[in-house]
Amino acid sequence: MVTNLKELIKKAKEIETKTLVVACADDEHVLEAVELARKENIIVPILVGNKTKTKEIMEKLKIDSSFYTFVDEPDNGLACHEAVKLVSSNNGYFLMKGLVDTSVILKAALNKEYGLRTQNRISHVSVLEVPTHHKLIMMSDGAMNIAPTLDEKRQIIENSVKIAHAIGNKNPNVGIIGAVEKVNPNMEATVHAAELIKMNKDNIITGCTVGGPFAIDNAINKEAAIHKGVKDPIAGDVDILIMPRIEARNVFYKTMMFLANAKGASVIAG
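This report concerns the structure included in the present document. (Residues numbered from 1 in each chain as written. Predicted model: local features only at pLDDT ≥ 70, side-chain atom pairs only at ≥ 80, totals over all residues. Heavy atoms only, no water.)

## Some details on the overall build of the protein
Note the threshold: Only runs of H or I of at least four residues qualify as helices and only runs of E of at least two qualify as strands under DSSP, and these elements are numbered from the N terminus. A simple rule labels every residue: compare its accessible area, found with a 1.4 Å probe on the protein chains alone, to the largest value its type can have, and call it buried under 20%, exposed over 50%, or partly exposed in between. Any two residues having at least one pair of non-hydrogen atoms within 4.5 Å are treated as being in contact. For the purpose of charge, His is not counted, nor are the chain termini; Lys and Arg are scored as positive and Asp and Glu as negative. By convention, the point assigned to a charge is CZ for Arg, NZ for Lys, CD for Glu and CG for Asp.
Looking only at helices and strands, the protein features 10 helices and 10 strands. Projected onto the principal axes, the alpha-carbon positions of the protein cover approximately 60 × 40 × 30 Å. The buried share among the 270 residues of the protein stands at 45%. At a minimum sequence separation of 6, the contacts of the protein that also span at least 24 residues come to 67%. Positive and negative side-chain charges of the protein, numbering 33 and 33 respectively, have mean locations separated by a distance of 3 Å.

## Brief notes about the packing of helix H2 (residues 28-39) against helix H3 (residues 51-61)
The criterion, for reference: Under this scheme, a helix contributes an axis fitted over its contacting stretch, all axes are lines through C-alpha atoms, and angles between N-to-C directions fall in the 0 to 180 degree range. Geometric relationships in this document are graded by angle, where less than 35 degrees denotes roughly parallel, more than 145 denotes roughly antiparallel, 65 to 115 denotes roughly perpendicular, and other angles denote oblique. A crossing counts as left-handed when the near helix is turned anticlockwise from the far one by less than a right angle, and as right-handed when that turn is clockwise.
Packing of H2 against H3 brings their axes to within 10 Å, and their N-to-C directions diverge by 65°. In terms of their interaxial angle, H2 and H3 are classed as roughly perpendicular. Regarding H2 and H3, the two cross each other, and that crossing is right-handed. Across from Glu28, Leu31 and Glu32 in H2, the residues of H3 making contact are Thr54, Ile57, Met58, Lys60 and Leu61.

## Quick notes on the pattern of salt bridges
Rule in force here: Here a salt bridge means any side-chain nitrogen of Lys or Arg lying within 4 Å of a carboxyl oxygen belonging to Asp or Glu.
Per the counting criterion, the structure on display carries 14 salt bridges. Residue glutamate 152 is joined to arginine 121 by a salt bridge in which the shortest nitrogen-to-oxygen separation is 3.3 Å. Placement of the pair is glutamate 152 in helix H6 (residues 150-166) and arginine 121 in the loop between helix H5 (102-109) and strand E5 (123-129), with a sequence separation of 31 residues. The class of glutamate 152 is buried, set by a relative accessible area of 18%. Taking relative accessible area as the criterion, arginine 121 reaches 34% and is therefore assigned partly exposed. Here lysine 228 ties to glutamate 181 by a salt bridge, and the two come within 3.3 Å at their closest N and O atoms. Taken together, the residues span a long stretch of sequence, with lysine 228 in the loop between helix H9 (222-227) and strand E9 (240-242) and glutamate 181 in the loop between strand E7 (173-177) and helix H7 (188-201) at a distance of 47 residues. Residue glutamate 181 is classed as partly exposed on the basis of its relative accessible area of 24%. Several salt bridges converge on common partners, so that one network encompasses Lys135, Asp237 and Asp239.

## Concerning unusual backbone geometry
Between serine 140 and aspartate 141 the backbone carries a cis peptide bond, its omega angle lying at 10°. Relative to the elements of secondary structure, aspartate 141 occurs in the loop between strand E6 (137-140) and H6. The omega angle of the peptide bond from glycine 212 to proline 213 is -5°, so this bond is cis rather than trans. If you trace the backbone, proline 213 turns up in strand E8 (residues 209-214). Here asparagine 203, not a glycine, exhibits a phi torsion of approximately 65°, which is positive.

Below you can see the structure in the form of structure tokens.
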């Protein structure tokens, strides 16, 4: 099982090289990341957007543009639609968001004619390497779903589990996070936890072990779980944190990144 981002990159290098389509690529950080992946032979890049601006940035960064394919479309909205069309019509291509509002690229990605819809709700899945923790932590959903219903949380779990499986964790522990460790009818997150555990036991949610409700400490720390008397079998050993609302997820993610020196990688799944 992958335990850090270095191993994750190694795993990516071992599989077939994929074609990455970047929508609105005229951004330094985006191009730096794409170039690093290209040099490692993880991806073959196609850049869709303002070709003139993108090439100017590449020259500044000393990136050889001869390794890149360009689709010149200066309008951000149209660039997103062109990028999505490329991905939907070519097996093995995948999409990356460049310097463009999320709402703009989502409109293209969810287009009923050529978009990237599946039966599952889309959700944001993050993988975090935290220096003080012994393994990768996954978290969902930090960017897409504001206040998910019970069934939407089921779909968020299913999306997260697919990502966990892809990086080598065949039966991840999924912790439903709230403020307390007991079911409280006044706290929706704890009520959802009980229902999601039942779905897991009834084989509605598969490929993982669901536990909770957990506060964040006893989800990821065995000592905290023992100290609080939390008896759930996965207490203190959670792989995937399912947060109650977008505020909790967003604060947790940015706290890890900016105060805990975490390294992160994120994907939109579903």
